[in-house]
Amino acid sequence: INLNVFLGCSVVPVRLLSFTAVPLGNDVKLNWEISRNENYTAMVLERALNPAGTFTSIGWFTENNTGLYNYTDVNTHMLNTKCVYYRIKTVNSKNEVSYSNVKAVCKNELETIQVTPTIINKGEMIFINTTGSSAAASTWKLYASTGSLLKFGKVGSGSQIPTGIYASGIYFIQ
């Protein structure tokens, strides 16, 4: 059991002017700005793998002259979670601690479609397999090489298109 106890803490972001967390390829780019006239002794960038989880330190910063800070959390795609949560812990010269609001960055679920086989003989089935949250709401269309629509249907994992009624030729699936 992990139990965190903080004395003299607040959860209201104090003197934090902005805080953004955006995906950047396999990484997450974090930027924040603090008021320059405050006496901070430290800022700790923290990350959690679920919103109610334990936050761990991933970066430690001291006050600079600009009040602008950035950090790139690299290879977040390797973490075993769909969303990553960030917050900034600030400590001032009186050892008073405050936390920013939590920022969540979620990976987009990959949408994939697989059509097999790609070369078939008359009478063979074409199989369409899909993954992703919007796959069930998708449709497929079979076109002749002339552009005429031959058949259509809803996509589902394991959708099948019979080819027995079509002559040999080139066809397109959309």
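Residues numbered from 1 in each chain as written. Predicted model: local features only at pLDDT ≥ 70, side-chain atom pairs only at ≥ 80, totals over all residues. Heavy atoms only, no water.

1. Let's talk about the sheet that holds strand β6 (residues 68-73)
- Taken in spatial order, the three strands of this open sheet run β2-β3-β6, and their pairing is antiparallel. Both outer strands of the open sheet, β2 (16-24) and β6, are each paired with one neighbouring strand and no more. Averaged over all adjacent pairs, the angle separating strand axes in this sheet is 15 degrees, with direction ignored. (Pairing = 2+ DSSP bridges. Helix = DSSP H or I, 4+ residues; strand = E, 2+ residues; numbered from the N terminus. Axes fitted to C-alpha atoms, helices over the stretch in contact; angles between N-to-C directions.)

2. Some remarks on the state of the cysteines
- Applying the stated criterion across every chain, the model contains one disulfide.
- There is a disulfide in this structure between Cys83 and Cys106, and the S-S distance comes to 1.9 Å. Of note, the bridge from Cys83 to Cys106 carries an S-S torsion of about 105 degrees and is right-handed in sense. Of this pair, Cys83 sits in strand β7 (residues 83-92) while Cys106 sits in strand β9 (residues 103-106), and the two are 23 residues apart along the sequence.
- Classification of Cys106 by relative accessible area gives partly exposed; the value is 38%. (Disulfide = S-S within 2.5 Å. Buried < 20%, exposed > 50% of the residue type's maximum accessible area, 1.4 Å probe, protein only.)

3. Details of the pattern of salt bridges
- Inspection of the entire model under this criterion finds two salt bridges.
- Glu46 is paired through a salt bridge with Arg87; the nearest N and O atoms lie 2.6 Å apart. Remark: Arg87 occurs in strand β7 and Glu46 occurs in strand β4 (residues 40-48); sequence separation between them is 41 residues.
- On the basis of relative accessibility, which here comes to 6%, the residue Glu46 falls in the buried class. (Salt bridge = Lys/Arg side-chain N within 4 Å of Asp/Glu carboxyl O.)

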